[in-house]
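Observations on the three-dimensional arrangement
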Amino acid sequence: MIFVPRLQAPRITIIFTRLRHYFRNMNCSELLPPASVRGMRELQRDEFQKRVQIPRLRVPESQVQLVIPLVKKFLLKMEHLHPVRAVDKSREILLHPIPIQGWESLPTEDLQKQQVTQEHFCFDELELNYENWSVNDILKSVLPEEEEGMTSYSRIGHIVHLNLRDHLLPFKQIIGEVLRDKLPNCRTVVNKASTIDNTYRNFQLELICGEPEYQVETKENGIPFEFDFSKVYWNPRLSTEHERIVKLLQPGDVLYDVFAGVGPFSVPAAKKRCHVLANDLNPVSFHWLQHNAKRNKCLTNIKMFNKDGRQFILKELRDDLLQRLLSTDTSKYAIHIAMNLPAMAVEFLDAYRGLYTDKELADLSDAVVFPTVHVYSFAKGENTKALVRELVEQNLASTLDEKLLQGISFVRNVAPNKDMYRVSFKLTRHLLTTPKEPEASNARKRGAGDEKVQTEVAEAKVKCV
């Protein structure tokens, strides 16, 4: 006898919860924008006006506080629409037309106990307009019904950043205007104009609408950042990953940030009183990295460099790490190397091979703890996790066995069959003292010696100044 109620009670609770959510978010045709706006490419706000019949209760002002709890889950909820409105000396309570088909749909017994009867119930006309619908409501009603709609966007300060698919490009103007209208503090809407294929890996932007102002202020995990979004790389979708790495760090730990950008890893780590060496090739990113370190009052814990990643590894990282390995007890703190340039970071892994000679590390004790490398990479295909491991092993020219591999973590889906991963592994004495086979080396070894890179660096420095 006890067994049956225990099974039934949870089922009743689950159904009740779903019904409440169902009433609030039902796809109700009466409450959708007019069908005539489908295919609109230039925003005409007046075209969204619509009159609908809405159920409502009209009760004396003195009874409102007693009635609202009884009908709360049936209230009509739309943007810029108050479901309780003053009408003469009474109050009008607007109700959702799907669950409330008539007086009998309401909790009549409870209402009658509060002297609310069928005479207080009626249907009446309500005028809806552009202001009453959300971004999603407006865009779903305008964009082609048979195609995939606009699924997401990124928010960076006052800028909204889109990556529109080809079939949405004819509607980019109206998409931009709706976003600027509806999103708080949005002044600029831009679209990713092409793939990221330049030296500095920053987005190429197309202004859709609003002000061409790209210097932004934003916060990530409580840390303020400022930068020119049109000239540096910043992706708010990586905020959780930035936080994961920073949480690994304890005061006194060391972070080498090979591709630091404007500082999403380095600045929080320095604020945490870690010892940070941060580098970025882009002079504009380097400028804002310095600015953000100063703004967050952590300059004493960070050294910053504007170099090619390979040169940074071969000089600054090499020298600082050697000094620590030889003169400090590395078992008392952790050393991490961040390499967040997923399109090509794996191509720099061979720089760790033969970074030192056997003689330089001859005096190291067996208790020494070597750094953990966190390298990010894209992988495209079916089994992306296996592919990204293979990429790291090929470029490192070493198998990641159980002693080396610390983990392969999924970061985010970038596109269909294309994922971003973080591969974390330990450097060893063998890796650091054994050069990679010459024939396996890749062209990236040219680093900043590449004439094209040198030219772009020089041009960017002039623009930055």
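Residues numbered from 1 in each chain as written. Predicted model: local features only at pLDDT ≥ 70, side-chain atom pairs only at ≥ 80, totals over all residues. Heavy atoms only, no water.

1. With respect to the UniProt feature "binding site: S-adenosyl-L-methionine" (unreviewed entry) in the chain
Threshold: UniProt positions are given in the numbering used here, feature names are shortened, and annotations may be inferred rather than shown by experiment. Burial classes follow relative accessibility: with a 1.4 Å probe on protein chains only, a residue under 20% of its type's maximum area counts as buried, one over 50% as exposed, and anything between as partly exposed. Two residues qualify as a contact provided that any one of their heavy atoms is within 4.5 Å of a heavy atom in the partner residue. Pairs of N or O atoms are called polar contacts if they sit within 3.5 Å, as long as, within protein, a hydrogen donor faces a hydrogen acceptor (for residues adjacent in sequence, only side-chain-to-side-chain pairs).
Under the UniProt annotation, the feature "binding site: S-adenosyl-L-methionine" (unreviewed entry) is placed at His242, Asp280, Leu281, Asp308, Gly309 and Asn340. Taking relative accessible area as the criterion, His242 reaches 5% and is therefore assigned buried. If sequence neighbours within four positions are ignored, His242 has contacts with Glu220, Pro264, Phe265 and Asn340. A polar contact of 2.7 Å, which involves the side chain of His242, links it to the side chain of Glu220. Take Asp280: its relative accessible area is 12%, and that puts it in the buried class. Setting aside residues no more than four positions away along its own chain, Asp280 makes contact with Val258, Phe259, Ala260, Gly261, Ser285, Phe286, Phe305, Asn306 and Lys307.

2. Re the pairing of strand β11 (residues 254-257)
Worth spelling out the cut-off: Each helix is a run of DSSP H or I of at least 4 residues and each strand a run of E of at least 2, with the numbering of both proceeding from the N terminus. Strands are treated as partners if at least two bridges between them are detected by DSSP. A clockwise path from the first strand over the helix to the second, with the strands pointing away from the viewer, defines a right-handed crossover.
Going residue by residue along β11, you find Val254 and Tyr256 tucked away on one face and Leu255 and Asp257 tucked away on the opposite face as well. With 4 bridges joining them, β11 and strand β12 (residues 275-279) adopt parallel strand pairing. Pairing of Asp257 across the sheet is with Ala278, part of β12. Running through helix α7 (residues 266-271), the crossover from β11 to the neighbouring parallel element β12 is right-handed.

3. Describing unusual backbone geometry
Phi is positive for His80, close to 55°, though the residue is something other than glycine. Among the structural elements, His80 can be located in the loop between α2 (64-71) and β2 (84-87).

4. Some thoughts on the state of the cysteines
Defined as follows: The definition used for a disulfide is geometric: two cysteine sulfur atoms within 2.5 Å.
For the coordinates displayed, the defined rule picks out 0 disulfides. The closest cysteine sulfur to the non-disulfide-bonded Cys186 is located on Cys209, 6.8 Å from its own sulfur.

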